[in-house]
Amino acid sequence: MSEEDDIILSELDDDELVQQMFDDLYDGLKEEIQEGVNILLGRGWQPYEVLTKALVGGMTIVGKDFRDGILFVPEVLLAANAMKGGMAILKPLLAETGAPTIGKMVIGTVKGDIHDIGKNLVGMMMEGAGFEVLDLGINNPVENYLDTAEREGADIVGMSALLTTTMPYMKVVIDTMIERGIRDNYIVLVGGAPLNEEFGKAIGADAYCRDAAVAVETAKEYVARKHNRAKAG
Ligand code: B1M
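Residues numbered from 1 in each chain as written. Predicted model: local features only at pLDDT ≥ 70, side-chain atom pairs only at ≥ 80, totals over all residues. Heavy atoms only, no water.

## Describing the site of the ligand
Here is step 1: Neighbouring the ligand are 33 residues, the closest being Arg67, Ile114, His115, Asp116 and Ser160.
Here is step 2: Contact distances for the ligand include 2.9 Å between a nitrogen atom and a backbone N or O atom of glycine 112.
Here is step 3: Where the shell around the ligand is concerned, the elements lending two or more residues are helix H3 (47-67), helix H4 (73-94), strand S1 (103-109), helix H5 (117-128), strand S3 (156-160) and strand S4 (187-191).
Here is step 4: Its residues assigned to classes, the shell around the ligand shows 19 nonpolar, eight polar and six charged.
Here is step 5: Inspection of the shell around the ligand shows a minimum of three residues originating in each of domain 1 (2-97) and domain 2 (104-232). (Near = heavy atom within 4 Å. Polar contact = N/O pair within 3.5 Å; in protein donor to acceptor, adjacent residues only side chain to side chain. Helix = DSSP H or I, 4+ residues; strand = E, 2+ residues; numbered from the N terminus. Nonpolar A, V, L, I, M, F, W, Y, C, P; charged D, E, K, R; others polar. Domains from an automatic or database assignment.)

Rendered as structure tokens:
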């Protein structure tokens, strides 16, 4: 029996458990990640804390080794699958606030890009904050965003991109809105690891959101402003 087999997650203290979850995420061990998530929740950790400290923390390590050529796509896919297993437990808990719907958001990963973990996380947090979220999934052409936003009467169009090669597509979506004279109908929020504030401004988005928590705060702020403007007008 290897040393790894001897580890009983529930016997580790919080710090050790989080470290072990980093290793388990790295190794793509979905069941162990789910067990770790449940243990932390059982110890009174808030769902958001489990998400950011244990899962996103672990995925950051995976990302570094992927960048450095230590991990490859199949291993990263397994890690992503383990992360999603943990997120599935947290999703209903994050959405459990019972807050009334405060706005509608269409969100999707842009054309050419299949990364969806960050986008899913943003969607989960937005739902938890009381937004209705229409998730378009991955690899979305401009029509998906605009048709859904129009049909559903969305307040916010959210776009995610994780590749430097796909982030310029966000500008295509915004430019198409401008061409159609509908840009001001929506609050456009963008996010994803390779973006920054400057890029958000340059493409004409309302705001760049560094992470899911910032996305929620920014969305609330802009929706409140939109409602105030509507009242004043
Ligand atoms: Co890919 N990948 N990947 N990958 N991958 C990155 C992005 C990369 C940085 C890795 C690296 O080299 N270090 C690199 C991009 C380099 C670049 O563009 N300069 C890269 C590459 C190159 C690739 C491929 C091209 C690899 C290949 O095939 N040779 C390929 C591309 C496929 C494609 O899209 N066409 C590819 C494939 C994959 C997998 C399929 C294996 C897998 C994705 C699985 C999935 O998503 N279902 C994968 C993964 C997992 C990653 C890393 C390791 C992790 C991404 C992630 O999920 N992070 C990533 C490395 C990294 O980012 N450090 C990498 C965790 C997530 C919670 O964070 O997505 O940043 P993030 O989301 C945050 C914020 O950014 C923000 O909030 C989130 C939560 O706080 N946010 C938003 C995100 N979207 C938002 C939208 C908003 C608001 C905020 O709207 C309002």
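Next comes the rest of the account.
## Observations regarding the side chain of aspartate 113
Here is step 1: Here aspartate 113 shows up in the loop between S1 and H5.
Here is step 2: For the buried residue aspartate 113, which engages in no salt bridge, the nearest side chain bearing the opposite charge is lysine 119, 10 Å off.
Here is step 3: A distance of 2.8 Å separates the side chain of aspartate 113 from the backbone nitrogen of leucine 162, its partner in a polar contact.
Here is step 4: Beyond its immediate sequence surroundings of up to four residues, aspartate 113 is in contact with Ile138, Asn139, Ala161, Leu162, Leu163 and Thr166. (Buried < 20%, exposed > 50% of the residue type's maximum accessible area, 1.4 Å probe, protein only. Lys, Arg positive; Asp, Glu negative; His and termini not counted. Salt bridge = Lys/Arg side-chain N within 4 Å of Asp/Glu carboxyl O. Contact = heavy atoms within 4.5 Å.)

## A look at the nonpolar core
Here is step 1: Of all hydrophobic cores here, the largest spans 50 residues; its most connected members are Leu55, Leu90, Met126 and Ile156.
Here is step 2: A per-element tally of this core places H4 first, with eight residues.
Here is step 3: Among the domains, domain 1 (2-97) and domain 2 (104-232) are the pair contributing at least three residues each to this core. (Core = buried A, V, L, I, M, F, W, Y, C linked by side-chain atoms within 4.5 Å.)

## Brief notes about a nonpolar patch on the surface
Here is step 1: On the surface, a cluster of nonpolar side chains totalling about 290 Å² of accessible area is made up of Phe66, Val73 and Leu77.
Here is step 2: Checked against the element boundaries, valine 73 lands in helix H4.
Here is step 3: When its relative accessible area of 49% is taken as the criterion, valine 73 is described as partly exposed. (Patch = residues over 30% accessible without salt bridge, like charges linked within 9 Å, V, L, I, M, F, W, Y side chains within 5 Å. Areas by Shrake-Rupley, 256 points an atom, 1.4 Å probe, with all protein chains shown as cover.)

## Some details on the packing of aromatic side chains
Here is step 1: Inspection of every chain in the model, using the stated rule, returns zero aromatic pairs.
Here is step 2: One Lys or Arg, lysine 53, reaches over the ring of tryptophan 45 and ends 5.9 Å from the middle of that ring.
Here is step 3: Arginine 225 extends its terminal NZ or CZ atom over the ring of tyrosine 222, reaching a point 4.5 Å from the ring centre. (Phe/Tyr/Trp six-rings, centres within 6.5 Å; stacked < 30°, edge-to-face > 60°. Lys NZ or Arg CZ within 6 Å of the ring centre and 35° of its normal.)

## What to know about the coordination of the cobalt atom of the ligand
Here is step 1: Only one protein atom coordinates the cobalt atom of the ligand: His115 (NE2), located 2.2 Å from the metal.
Here is step 2: The topology assignment puts histidine 115 in the loop between S1 and H5. (Donors = N, O, S within 2.8 Å, 3.2 Å for Na, K, Ca; no water.)

## Section: the sheet that holds S1
Sheet strands line up and pair through hydrogen bonds in the backbone, either parallel or antiparallel.
Here is step 1: In space, the five strands of this open sheet follow the order S2-S1-S3-S4-S5, with parallel pairing throughout. With partners counted over all chains shown, the strands left at the sheet margins are strand S2 (131-135) and strand S5 (207-208), one partner each.
Here is step 2: Bridge count for S3 against S4 is five bridges, and the pairing is parallel. Paired with methionine 159 across the bridge in S4 is valine 190.
Here is step 3: Packing of H5 onto the sheet brings it into contact with S1, S2 and S3, and relative to S2 it is tilted by some 155°.
Here is step 4: Each of S1, S2 and S3 is contacted by helix H6 (residues 142-152), which is oriented at about 165° to S1, the strand it contacts most. (Pairing = 2+ DSSP bridges. Axes fitted to C-alpha atoms, helices over the stretch in contact; angles between N-to-C directions.)

## Digging into the pairing of S4
Here is step 1: Most of S4 sits out of view: five of its five residues are buried.
Here is step 2: Every second residue of S4 is oriented toward a common face, with Ile187, Leu189 and Gly191 on one face and Val188 and Val190 on the other, all of them buried.
Here is step 3: Following the chain from S3 across helix H7 (residues 169-179) to the adjacent parallel S4, one finds a crossover that is right-handed.
Here is step 4: For S4 and S5, the ladder comprises two bridges, and the chain directions are parallel. Note that in S5 the partner of valine 190 across the bridge is tyrosine 208.
Here is step 5: On the question of chirality, the crossover connecting S4 to the parallel S5 by way of helix H8 (residues 197-203) is right-handed. (Right-handed = clockwise from strand over helix to strand, strands pointing away.)

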